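Survey of secondary and tertiary structure
Residues per chain, in single letters:
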Amino acid sequence: MKRKSVNMMLLMLALLLVVAGCSSNNKNNTTDTGAKNTPSKNANSTPNEPANETPKEKTKVQIMSWWDFTTSEPLIQLKAKFEELNPDLELEYLQIGTGYADKVLTMIAGGGDLPDVMMLAMDKLPIFADKNAIQPLDKYITPQYKDSLYPVVSEALAYKGQTYAVARDITSKVMYLNKKMFDDAGVAYPEADWTWDEFRSIASKLSKDGQQWGFYFPKFTDGYTSWLMQNGGGYATNDGASLLGKAESIEALKFLQEMVTKDKSVPTESQAQQFGTADTAPFIAGKVAMITGGLSSSTAFKTNNVEYLVRPLPQGKVKLSTSFVNSWVIPKGAKDVDLSWRVLEFLSSKEAQQIALDTAMGLPAAKDVDTAAFLSTHEDNKYFIEALDYSVPFPTPLYGADFALEVTKQFDLMWLGEASVEDAVAKVEKAAPNLLAGKK
């Protein structure tokens, strides 16, 4: 009996030690979270190992563009920054190449699946807005955003008093100089305040008949409109009136025509295109010493190791440069306009405009973008920024496409010297009222 009693006591003592040990372990390994009896999210989880959670699926937002998004550094960087700032969204680019505007209009008219956001050139904005193919944005646009823009931008984003777009970037024209061609010819670089007469003289000095030329401009409206406006004339008004018949416009056209036909300091289109179809091709080939262009042209020059200088456009009667503003819009029929606006709000932000500048996509639309690094990379980059203060929007009449086709048709012989400026302009002016009114 004594042996049984001793054994029983030893057993009870062992049980007490086990219970005490378990209690001690629980006290040391439990963190007080303020919640009681919280079940584990994963029954197979081990202590100190996070439970497996299914990541939330991101909402895809589609952007339509005419650019190849697989190779476009600006689009690649915009996507990365947007998704960093908006972790619940994923940008998906779609591309339409040739015939972009017409194809997109057909899509919108057909009411099919539409992207959430589209890239749109400013000369197409009036026709898209007039056809009710894009959303007005006035309920989203703040006074602060408008105040942040360079003056030239706001007008380019509006149609009949309503804002339909936010700016992608700006292209203000400057004059590029092929440094090697100047140096080889022993011609001094022009000063920033050079005149038309000085420009014409320099172009002649840099020309060798049929071999190289001092200047090149493409023989369509974007190539010479700034010259018309600098002389006090113009191309057309946004409300649909031709300005080509003005004496100041005719004077400017004669100035340019004589550089082609008399001075031989500007190549014809057939002469220029023997070096390639791009407007920059003869400059890159070292056959043209001066060419007008925007910031994006510098990318091609750097890629091809062309050493260049930049100057403001030579001054006519008015100090002026034309600006072309590319934009982002929301198509009519977009599934969720508020969601689309989140994308536009980013694309028009300081961060996105900084990317546009840093990747040479174009000049920033916002005045608060940091230009310090840009100004330090090339001694002449200040002329790009300065041009924004005296730039005016490129004219964009509603039916400008049909008018431009007629102008190009009638001016072809003029640039070859086979028709006078007066005769070519008279033929355009005859057709202009109907064309600019949308009556073919």
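Please refer to the structure placed before this passage.
Everything quoted here is computed from the prediction, not taken from an experiment.

**Comments concerning the environment of Ala-437**
Mapped onto the secondary structure, Ala-437 falls in the segment after helix H19 (421–436). In this structure the C-alpha to C-alpha distance between Ala-437 and Asp-239, which are 198 residues apart in sequence, comes to 9.2 Å.

**Description of the side chain of Ser-249**
The topology assignment puts Ser-249 in helix H10 (residues 247–261). Those residues within four positions of Ser-249 in sequence are excluded, and the remaining contacts are Leu-228, Gly-233, Gly-234, Leu-243 and Leu-244.

**Topic: the pattern of salt bridges**
This structure, assessed with the given rule, holds 14 salt bridges. Among the ionic pairs, Arg-168 bridges to Asp-169, the shortest N-O distance being 2.4 Å. Across the pair, Asp-169 and Arg-168 agree in class, each one buried. Through salt bridges that share partners, Arg-200, Glu-258 and Asp-263 make up one connected network.

**A few points about unusual backbone geometry**
One non-glycine residue, Asn-132, lies in the positive phi region at around 60 degrees. By secondary structure assignment, the location of Asn-132 is in the loop between helix H4 (125–130) and helix H5 (143–148). The exposure class assigned to Asn-132 is partly exposed, which follows from its relative accessible area of 46%. Despite not being glycine, Asn-305 has its phi angle at roughly 55 degrees, a positive value. Inspection of the secondary structure puts Asn-305 in the loop between helix H13 (297–303) and strand E9 (308–311).

**Describing the packing of aromatic side chains**
Under the definition given, this model contains 26 aromatic pairs. Seen in terms of ring centroids, Trp-66 and Tyr-100 are 4.9 Å apart; in terms of plane orientation they differ by 80 degrees. Their pairing is edge-to-face. Of the two residues, Trp-66 sits in the loop between strand E1 (59–65) and helix H2 (73–85) while Tyr-100 sits in helix H3 (residues 100–110), which places them 34 residues apart along the sequence. The partly exposed category is assigned to Trp-66, whose relative accessible area is 26%. Considering the side-chain rings of Tyr-224 and Phe-411, the 6.1 Å spacing of their centres and the 35 degrees angle between planes classify their relative orientation as tilted. Taken as a pair, Tyr-224 in helix H9 (residues 221–230) and Phe-411 in helix H18 (residues 400–415) lie far apart in primary sequence, 187 residues in all. Here the two residues Tyr-224 and Phe-411 agree in accessibility, since each one is buried. Ring pairing ties together the aromatic residues Trp-194, Trp-196, Phe-199, Phe-215, Phe-217, Tyr-224, Trp-227, Phe-255, Phe-411 and Trp-415, which thus form one cluster. In this structure, Arg-200 packs its charged tip against the face of Phe-255, placed 5.4 Å from the ring centre. It is Lys-219 that lies over the ring of Phe-217; its NZ or CZ is 4.7 Å from the centre.

**Here we look at a negative patch on the surface**
A grouping of Glu-191, Asp-193, Asp-197 and Glu-198 is seen on the molecular surface, where their side chains present a negatively charged patch. The topology assignment puts Asp-197 in helix H8 (residues 196–205).

**Some details on the sheet that holds E9**
Judged by pairing direction, the sheet is antiparallel, and its three strands sit side by side in the order E8-E7-E9 without closing on themselves. The strands lining the two open edges of the sheet, one partner per strand, are strand E8 (290–293) and E9. Here the strands of the sheet are splayed against their neighbours by 30 degrees on average, with no regard to which way each runs.

**A few points about the environment of Ala-121**
Structurally, the position occupied by Ala-121 is in strand E3 (residues 117–121). The spacing of Ala-121 and Phe-324 is 203 residues in sequence and 8.2 Å in space, taken between C-alpha atoms. The residues touching Ala-121, leaving out its near neighbours within four places in the chain, are Trp-66, Phe-324, Val-325 and Asn-326.

The rules behind the values
- Residues numbered from 1 in each chain as written.
- Predicted model: local features only at pLDDT ≥ 70, side-chain atom pairs only at ≥ 80, totals over all residues.
- Heavy atoms only, no water.
- Helix = DSSP H or I, 4+ residues; strand = E, 2+ residues; numbered from the N terminus.
- Contact = heavy atoms within 4.5 Å.
- Salt bridge = Lys/Arg side-chain N within 4 Å of Asp/Glu carboxyl O.
- Buried < 20%, exposed > 50% of the residue type's maximum accessible area, 1.4 Å probe, protein only.
- Phe/Tyr/Trp six-rings, centres within 6.5 Å; stacked < 30°, edge-to-face > 60°.
- Lys NZ or Arg CZ within 6 Å of the ring centre and 35° of its normal.
- Patch = residues over 30% accessible without salt bridge, like charges linked within 9 Å, V, L, I, M, F, W, Y side chains within 5 Å.
- Areas by Shrake-Rupley, 256 points an atom, 1.4 Å probe, with all protein chains shown as cover.
- Lys, Arg positive; Asp, Glu negative; His and termini not counted.
- Charge placed at Lys NZ, Arg CZ, Asp CG, Glu CD.
- Pairing = 2+ DSSP bridges.
- Axes fitted to C-alpha atoms, helices over the stretch in contact; angles between N-to-C directions.

Just geometry here; none of it tells us what the structure is for.
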